Amino acid sequence: MKKWLFLCFVASVHATPVVKAGHPTNFSFSLPGASEPKGYDASLLRCIEQQSQLQFDWKSYPNIRLFHHVATGELDLVYPALFDAERDKSSVRSIEFVTVSNIWLTLPDSKVDLTNKAISVSVKRGSLQASYLEKAGYLNVVYVEEFDKQLLTLDARRVDAALLPDLSLKALLSEQSPLYRQQVFNTTSGGFYLSKAFGKQYIHSINQAILACQQQIPKPALPDK
């Protein structure tokens, strides 16, 4: 009678933690949602992921849902997120590594007085740009669901102006686009927002990864095109 000896080998494997990461729908070419993420921001983001030894599982959401999900813990991390005192109440901010200029956009033949608080302005619903307009006292704010709808609304002359971030504007413009008049409204900073539970465990390693990658990948003197 043959006796068989079975040996069991148990290997300990340390899997890379998977991060439930979210980004705004159609924000810019530098985001994972783009067909081929490119530019300085995309390179920096890939470096941060590698340095932190995390695996970002990206999904896109409209702004309101995006920040609701990170506040409730349905998402671990949001990028790119402009920092704001209201958002700080429900989420944990990383160190700053994103700078966004918010741009007034008007039609080429426009003579709109942008200081006139009665002008009509299109803005993305749930965005900080919408909050800036409200705080500044603009009375006729037209809310749309996506950044490209702002351009469509402006082109159709349904509003006098649009306010949107420069990264999104660059992603939307093409050779066929009108030569819009552009003027900076303000410049703001941001980075990641983390859920409170995820941030408690990983904020230090993510911040260290951001600092290391900023050293490894110098920011270009001129903005990405």
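No experiment lies behind these values; they were computed from the predicted model shown.

Caption draft 1: Broad picture of the overall build of the chain. When helices and strands are tallied, the chain shows seven helices and nine strands. The 225 residues of the chain split such that 46% are buried. Within the chain, contacts between residues at least 6 apart in sequence are counted, and of these 72% link residues at least 24 apart. A total accessible area of about 12900 Å² is found for the chain, and carbon and sulfur atoms account for 53% of it.

Caption draft 2: Broad picture of the pattern of salt bridges. Applying the stated criterion across every chain yields a total of six salt bridges. Across the pair Lys-89 and Glu-86 runs a salt bridge whose closest N-O atoms are separated by 3.1 Å. For Glu-145, the salt bridge identified is with Arg-125, shortest N-O distance 2.7 Å. Placement of Glu-145 in the loop between β7 (140-144) and α5 (147-155) and of Arg-125 in the loop between β6 (120-124) and α4 (128-136) is noted, with a sequence separation of 20 residues between them. According to the relative accessible area criterion, Glu-145 is partly exposed, its value standing at 47%.

Caption draft 3: Structural context of the pairing of strand β1 (residues 18-24). For β1, the buried fraction is high: five of the seven residues fall into the buried class. Looking at chain direction, β1 and strand β3 (residues 77-82) are connected through two bridges and run parallel. Bridging from a neighbouring strand, Gly-22 pairs with Val-78 of β3.

Caption draft 4: Spotlight on helix α2 (residues 63-72). Among the residues of α2, Asn-63, Leu-66, Phe-67, His-69 and Val-70 are the ones counted as buried. The buried residues of α2 occupy an angular sector of 155 degrees when the element is viewed end-on, so they sit on one face. Looking one or two places after α2, you find Gly-73, whose phi comes out positive at around 90 degrees.

Caption draft 5: Focus on the pairing of β7. Examined bridge by bridge, β6 and β7 share five bridges and lie parallel to one another. By the bridge assignment for β7, Ser-120 is matched with Asn-140. As for the winding sense of the linkage, the β-α-β connection from β6 through α4 to β7 is right-handed.

Rules used in this analysis
- Residues numbered from 1 in each chain as written.
- Predicted model: local features only at pLDDT ≥ 70, side-chain atom pairs only at ≥ 80, totals over all residues.
- Heavy atoms only, no water.
- Helix = DSSP H or I, 4+ residues; strand = E, 2+ residues; numbered from the N terminus.
- Buried < 20%, exposed > 50% of the residue type's maximum accessible area, 1.4 Å probe, protein only.
- Contact = heavy atoms within 4.5 Å.
- Areas by Shrake-Rupley, 256 points an atom, 1.4 Å probe, with all protein chains shown as cover.
- Salt bridge = Lys/Arg side-chain N within 4 Å of Asp/Glu carboxyl O.
- Pairing = 2+ DSSP bridges.
- Arc of directions from axis to C-beta.
- Right-handed = clockwise from strand over helix to strand, strands pointing away.

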